[in-house]
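Each chain, written out:
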Amino acid sequence: MTTILEVSHVSKSFGSQQVLKNIEMEVKEGTVLGFIGKNGAGKTTLMKCIVGMLPIDSGEIRLANVPVTFRKNRTNQFIGYLPDVPAFYDEMTAVQYLKFCGDITGMSASKLSNKISEMLALVELESSNKSIGSYSRGMKQRLGIAQALLNEPKLLICDEPTSALDPVGRKEILELLRRVKNQTTVLFSTHILSDVEKICDDMMLLHEGKIISGTEIEKLKASHKKKQVLLELMNSSDREKFTEFDYQNHPAEKNDTSLIFQGEDALQLQQALFQFLAVKQIPVKKLMILEPSLEDLFQEVVK
Ligand SMILES: Nc1ncnc2c1ncn2[C@@H]1O[C@H](COP(=O)(O)OP(=O)(O)OP(=O)(O)O)[C@@H](O)[C@H]1O
């Protein structure tokens, strides 16, 4: 797989505050990469460095193997960028706005006209002839993505595209980003971890100026796995029989018909449960080892 974005040893400070510390990352072509971090972690800063809007103190950023230089737009031909707070001309319609943006890039009139129709269909705004000022936040984000994709970028960068949206708007944007994957590589930042779990091929976490890669997150996940077992019973009366189970070694969380057991070795725990269930002849609805959620891991990393 070709590398589209390469960030090597990048550091960046604002005064005495070092926001990025020797950052190393790579984005492979055709993937959707989720970029996670708490508020103020430095996600926007890194994205602005990638698009050449902020200078870096040291290191190198390469896009399609071309070095990014502060305020030089040579590498911006490869990028579509949707900032966290996109600005629009409220009195324009979507078509007028995209035409305005396309004209600036010097696209030919016929190509632009086809491209506008294609993009508006992609973001499902083709039937809207309202002015942008009357758009919902979700519609504005979708228009922003259409605009960012107008010049067929190799990499689409979206800064917190779902943060200000309600669940319906968020779902629409996530589905759109997933669709867009057929046309370009996507890097998007978020602090909503379930968004990343839903659509991303890879993820990375920015914490205290350093990147924790998707591979490291997976390792963390593996080390946290195999520690919890969920048991769902057919009825609540059977749950009472668990008073005789060895809770001392396997403390459990209890609900009406389910129990979550904690242990150092989930396989052993599962075996002990199987034995107990067989001896007591308790019917089972579900018995499974629980995977930790990204939210659990995030809490683990940042605590
Ligand atoms: N131009 C600037 N001058 C001084 N400090 C800045 C500047 N831009 C960002 N910072 C600081 O750098 C840190 C990282 O900010 P950044 O906006 O990159 O975080 P973020 O991860 O995008 O957060 P959010 O999710 O809140 O947008 C913050 O402490 C912020 O105050």
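Residues numbered from 1 in each chain as written. Predicted model: local features only at pLDDT ≥ 70, side-chain atom pairs only at ≥ 80, totals over all residues.

Description of the sheet that holds strand β6 (residues 79–82)
Right, so step 1: Spatially, six strands are ordered β6-β7-β8-β3-β9-β10 in an open sheet, and the strand pairing comes out mixed. The open sheet has two free edges, formed respectively by β6 and β10 (210–213), since each of these has just one partner strand. Pairwise comparison of adjacent strand axes, ignoring direction, gives a mean angle of 20 degrees for this sheet.
Right, so step 2: As paired strands, strand β7 (residues 155–158) and strand β8 (residues 185–190) are joined by four bridges and run parallel to one another. Bridge pairing links isoleucine 157 to leucine 187 in β8.
Right, so step 3: Sheet contacts for helix α5 (residues 167–180): β3 (32–36), β7 and β8; angle to β8, the most-contacted strand, approximately 155 degrees. (Pairing = 2+ DSSP bridges. Helix = DSSP H or I, 4+ residues; strand = E, 2+ residues; numbered from the N terminus. Axes fitted to C-alpha atoms, helices over the stretch in contact; angles between N-to-C directions. Contact = placed C-beta atoms within 7 Å.)

Notes on the nonpolar core
Buried together is how nonpolar side chains tend to be arranged in soluble globular proteins.
Right, so step 1: In this structure, Leu33, Ile50, Ala146, Leu155 and Ile157 are the most contacted members of the largest nonpolar core, which totals 62 residues.
Right, so step 2: Leave out the neighbours within four places in its chain, and leucine 155 touches Ile4, Leu5, Val27, Leu63, Phe78, Ile79, Thr184, Thr185 and Leu187.
Right, so step 3: By size, the runner-up hydrophobic cluster in this structure holds seven residues, among which are Leu231, Ala266, Leu269 and Leu273. (Core = buried A, V, L, I, M, F, W, Y, C linked by C-beta atoms within 7 Å. Buried ≥ 20, exposed ≤ 12 C-beta atoms within 10 Å, placed from the backbone.)

Some details on helix α1 (residues 43–50)
Right, so step 1: Of all eight residues that make up α1, six are buried, and the element is covered over most of its length.
Right, so step 2: Of all the residues in α1, the buried ones are Lys43, Thr45, Leu46, Met47, Cys49 and Ile50.
Right, so step 3: Looking one or two residues past α1, glycine 52 carries a phi angle of roughly 75 degrees, positive in sign.

Notes on the pairing of strand β1 (residues 3–14)
Right, so step 1: Here β1 runs beside strand β2 (residues 17–28); their pairing, made up of eight bridges, is antiparallel. What sits directly across from phenylalanine 14, in β2, is glutamine 17.
Right, so step 2: Here β1 folds back onto β2 in antiparallel fashion, the turn holding two residues, of which glycine 15 has a positive phi close to 60 degrees.
Right, so step 3: Of the strand pairs in this sheet, β1 and strand β4 (residues 58–63) are connected by five bridges, and their pairing is antiparallel. Looking at the pairing, leucine 5 lines up with leucine 63 of β4.

Quick notes on the packing of helix α2 (residues 94–105) against helix α4 (residues 137–149)
Right, so step 1: For the pair α2 and α4, the least separation of the axes is 10 Å and the interaxial angle reads 30 degrees. On the basis of their axis angle, the class for α2 and α4 is roughly parallel. Of the two elements, α2 crosses α4, and the hand of that crossing is right-handed. Within the contact between the two elements, α2 uses Ala94, Tyr97, Leu98 and Cys101 and α4 uses Leu143, Ala146 and Gln147.
Right, so step 2: Grouping the amino acids of the contact of α2 with α4 by side-chain chemistry returns six nonpolar, one polar and no charged. (Parallel < 35°, antiparallel > 145°, perpendicular 65-115°, else oblique. Left-handed = near helix turned anticlockwise from the far one by under 90°. Nonpolar A, V, L, I, M, F, W, Y, C, P; charged D, E, K, R; others polar.)

These figures capture arrangement, not role.
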